[in-house]
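A structural walkthrough
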Amino acid sequence: MTASAPIAMLAELTHRCPLACGYCSNPMELDRRDQELDTATWARVFQEAEALGVLQLHLSGGEPAARGDLAELLRSAAAAGLYTNLITSAVGLSRDRLQALAAAGLDHVQLSVQHIDEESADGIAGYRGAMARKLAFARWVVDLGLPLTLNVVLHRANIGVAEDLVRLAATLGARRIELAHAQYYGWALANRNALMPSRAEVDQTREAVGRLRNELKGRLVIDYVPPDYFGRYPKPCTNGWGRQSLNVTPKGLVLPCHAAETIPDLEFWNVRDRSLADIWNASPAFQAFRGEEWMREPCRSCERRSADFGGCRCQALALTGDARNADPVCHLSPHRDVVDQALAGRADAPLRMLGRPLTRSLAS
């Protein structure tokens with residue numbers, strides 16, 4: 001199937017990270033430091049991304065600040081004409097280093113925040129002093145005139161302070177806050193019962209978001225991503241497999257979505273060996289679920305198949321064992337009972353989570 005041009009690329013510069021969040025969406029088997037793409041290869045990939053049609057470049061990890069060449073990478077991205085968004089925990093970024101990144105061409109900062117309370121935030125992140133660093137960093141971003149987005153992964157341990165987090169974003173001068181419920185892959189799937197909120201908590205949060213959007217209109221944009229499991233229909237994951245975005249891993253594999261490596265038997269091509277355009281247009285992994293030919297019933301004849309694209313392939317695999325099944329979140333899926341059982345199982349689960357292992361160095 002012929003593909004239209006992607007508009008966004010996620011560059012996972014490293015899997016190294018000072019935090020140990022139990023909802024981490026990175027793979028459980030992380031790329032080592034000695035496997036990471038070098039500066040020159042990333043610069044080439046940025047040029048190829050722009051030529052392919054990419055407009056937005058999201059620099060992520062792990063923690064992208066773990067890369068000593070981050071400013072040089074930003075200069076390369078700016079030279080390629082890409083709009084750059086740094087997705088960061090703030091740990092490892094001083095004011096001087098942030099200024100250097102701004103001078104190198106950084107356009108936007110997306111800062112992760114775990115809770116409104118410092119002790120709770122540090123506990124979720126697994127890093128003492130993380131919240132204090134984040135608050136200082138947010139003020140530096142605003143002082144330097146860079147647009148700031150706060151990014152909050154919502155789960156059972158912080159959903160009760162969602163409104164407070166929105167008000168914190170407004171107080172800090174952020175232009176946007178994203179409240180996105182945990183997606184259950186990797187460590188989040190292992191911790192699902194501990195992370196899963198109740199339906200009442202989800203309903204209260206949805207109501208609060210609607211109210212706050214009216215109250216803060218023109219001052220703060222509030223993006224809200226509801227939890228899949230409570231939905232009647234699945235979300236259009238990445239707006240369709242291989243339609244609008246792509247991910248490049250630290251070692252250079254190009255993925256249609258962040259969790260695509262969980263699907264066995266997909267063949268992922270590497271930017272070390274092939275051009276980004278070749279991978280986007282012809283890679284077996286991108287062709288696997290692009291379009292509608294792969295669909296089974298009930299998706300194949302569903303009138304919503306061009307709206308939600310059958311839902312999430314990685315979620316279908318995780319919950320049904322087959323990535324070609326309908327996303328079991330959908331009430332029309334024959335596997336919806338798996339989701340209902342997961343919702344029932346969270347009721348008495350303890351809050352204790354398995355922590356993602358610290359990867360400050362990931363030395364070879």
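Here we summarise the structure given alongside this text. What you see is a predicted model, and the numbers here were worked out from it, not measured in a lab. (Residues numbered from 1 in each chain as written. Predicted model: local features only at pLDDT ≥ 70, side-chain atom pairs only at ≥ 80, totals over all residues. Heavy atoms only, no water.)

**Observations concerning the packing of aromatic side chains**
Summed over all chains, the structure comprises 6 aromatic pairs. Seen from their ring centres, Phe289 and Trp294 are 5.3 Å apart, and the 85 degrees between their planes marks the pair as edge-to-face. For the pair Phe289 and Trp294, a shared accessibility class is recorded, and that class is buried. Every member of this aromatic cluster is reached through a ring pair, and the members are Trp241, Phe289 and Trp294. Here Arg274 stacks its cationic end above the ring of Trp269, 3.6 Å away from the centre of that ring. (Phe/Tyr/Trp six-rings, centres within 6.5 Å; stacked < 30°, edge-to-face > 60°. Buried < 20%, exposed > 50% of the residue type's maximum accessible area, 1.4 Å probe, protein only. Lys NZ or Arg CZ within 6 Å of the ring centre and 35° of its normal.)

**Overview of the layout of surface pockets**
What the second largest pocket holds in volume is close to 250 Å³. Along the walls of the second largest pocket sit 21 residues, with Gly240, Trp241, Arg243, Gly291 and Phe309 positioned nearest its centre. Looking at the lining of the second largest pocket residue by residue, the class counts come to 9 nonpolar, 8 polar and 4 charged. (1 Å grid on protein atoms, 1.4 Å probe; cavity = no way out; pocket = protein on both sides within 12 Å on 5 of 7 lines; lining within 4 Å. Points joined across faces, edges and corners; volume = space filled by probe spheres on them. Nonpolar A, V, L, I, M, F, W, Y, C, P; charged D, E, K, R; others polar.)

**A short note on the environment of Val91**
Among the structural elements, Val91 can be located in the loop between strand E3 (83–88) and helix H3 (95–104). Looking at Val91, the relative accessible area reads 7%, which means it is buried. Once the C-alpha coordinates of Val91 and Ala188 are considered, the two residues, 97 residues apart in sequence, prove to be 22 Å apart. Discounting residues that sit within four places of it in the chain, Val91 has contacts with Pro18, Leu19, Glu63, Ala65, Tyr127 and Arg133. (Helix = DSSP H or I, 4+ residues; strand = E, 2+ residues; numbered from the N terminus. Contact = heavy atoms within 4.5 Å.)

**A short note on helix H4 (residues 118–125)**
Within H4 the residues assigned to the buried category are Ala121, Asp122, Ile124 and Ala125. For H4, the arc enclosing every buried residue in end-on projection is 160 degrees, short of the 170-degree limit, so these residues lie on one face. With respect to the buried face of H4, the exposed residues turned more than 90 degrees away are Glu119 and Gly123. Residue Asp117 occupies the N-cap position of H4, its side-chain oxygen lying 3.3 Å from the main-chain nitrogen of Glu119. Remark: Gly126 follows H4 within two positions and exhibits a positive phi of approximately 70 degrees. (Arc of directions from axis to C-beta. Polar contact = N/O pair within 3.5 Å; in protein donor to acceptor, adjacent residues only side chain to side chain.)

**Focus: the sheet that holds strand E2 (residues 56–60)**
In a beta sheet, neighbouring strands are held together by backbone hydrogen bonds and run either parallel or antiparallel to one another. Spatial ordering of the open sheet is given by E7-E6-E5-E4-E3-E2-E1-E8-E9, a layout of 9 strands whose pairing is mixed. Here the strands that pair on one side only, and so sit at the sheet edges, are strand E7 (221–225) and strand E9 (254–255). Across the sheet, helix H5 (residues 130–143) touches E3, strand E4 (108–112) and strand E5 (148–154), and the angle it forms with E4 is around 165 degrees. (Pairing = 2+ DSSP bridges. Axes fitted to C-alpha atoms, helices over the stretch in contact; angles between N-to-C directions.)

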